[in-house]
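Here are the chains, one letter per residue:
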Amino acid sequence: MAPQPGHQAVVRVPVATLWKSADAVRPIDEPALRDSPDVAAWVAGMDHEQQVGDCVLTQLLLGEAVLVTDAGPDGWVRVVALGQPAAKLDPRGYPGWMRAAHLSAPADAEPTAPALVVDVRRTTLHEAADGPPALAGVVLGTRLTSAGRPTDGWRPVRAPGRTDALWAPEGDLVPLPAERPEAKEVLAVAERLRDLVYVWGGRSTDGIDCSGLVHLAWRRYGVTLPRDADDQAEATIPLALDDERPGDLYFFARPGRRIHHVGIVSAEPHGGRRRMLHACYRTRRVVEEELPPARVDTLVGAHRI
């Protein structure tokens, strides 16, 4: 049964995309719209310009909760992504349109089940230990719940829309931390995504944008940040320049404009030189680099989470 307005639902596919509207999608987006989306093929099929089309708002990972607010034609629903704060758009979370086929009803929670998180770029959930694949392309930062004890290097987990447990390679999962991480630990996660393709609105290890990189790296440690760069700036603590340390954030804006870019400080400043790791719109990749003059000219501050 399709999710109904006024009710919560959860993402049942590894990566679901949130769109500006059902009418905004392009022919190239077909792989991402399938009932079982192939996000990796979608990203691989895009050219340099299609990677920055503004029809994509954000992405949601397997198990993320949404509130359905409206039903549209042809299997589309309007939702609010509850785990992606976007105060300027909706106090409940990030609003947009998605395919109803990518959602299922939330399962009853098991209060004693350990919370786990995917700690590799991508993994596959299987029907049984060492059995056939059931869900491929489950990405870093995806949260799962344990469904029992590991067996021969495999761990049973619960997945939305599935009655029976699925099995993940045990080494691909770690317990979701109960304590706040150090910023350098979050930086280390983001560094594992070097050279990942830039995709406007991307928030997965198939393709990512600047604020998506920050959001996903902190999500790996159980910390929820706002989705967009300007909201991330408002939710973090400003620092005096030269007080920043690895894992802090740099924010960028043009004169008289709102913040449009964020990067993760990757080294202590030295002699006025600054370095960051970021999903770069210009190179269409996640890169670690010294701030070039064009970036320095738009640097408006350093912040700490």
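Quick caveat, the model's predicted, so the values are computed rather than measured. (Residues numbered from 1 in each chain as written. Predicted model: local features only at pLDDT ≥ 70, side-chain atom pairs only at ≥ 80, totals over all residues. Heavy atoms only, no water.)

(A) Geometry of the nonpolar core. Counting residues in hydrophobic clusters, the biggest one holds 46 residues, and the most contacted among them are W19, W42 and I208. If sequence neighbours within four positions are ignored, I208 has contacts with L193, L196, V197, Y198, V199, G202, R203, L213, L216, A279 and V286. (Core = buried A, V, L, I, M, F, W, Y, C linked by side-chain atoms within 4.5 Å. Buried < 20%, exposed > 50% of the residue type's maximum accessible area, 1.4 Å probe, protein only. Contact = heavy atoms within 4.5 Å.)

(B) A look at the pairing of strand β2 (residues 15-19). With five of its five residues buried, β2 lies for the most part within the structure. What you see with β2 is no split at all: V15, T17 and W19 on one side and A16 and L18 on the other are buried throughout. Of the pairings in the sheet, the one linking β2 to strand β3 (residues 56-61) comprises five bridges and is antiparallel in character. Considered in β3, the bridge of T17 is made with Q59. (Helix = DSSP H or I, 4+ residues; strand = E, 2+ residues; numbered from the N terminus. Pairing = 2+ DSSP bridges.)

(C) Up close: the environment of P177. Structurally, the position occupied by P177 is in the loop between β14 (173-175) and α3 (183-191). Residues P177 and G222, 45 residues apart in the sequence, show an inter-C-alpha distance of 6.4 Å. Setting aside residues up to four positions removed in sequence, P177 forms contacts with R220 and Y221.

(D) The packing of aromatic side chains, seen in detail. Under the definition given, this model contains two aromatic pairs. The residue whose ring lies beneath R220 is Y221, and the NZ or CZ to ring-centre distance is 4.4 Å. Sitting above the plane of the Y281 ring, R284 keeps its charged end 4.8 Å from the centroid. (Phe/Tyr/Trp six-rings, centres within 6.5 Å; stacked < 30°, edge-to-face > 60°. Lys NZ or Arg CZ within 6 Å of the ring centre and 35° of its normal.)

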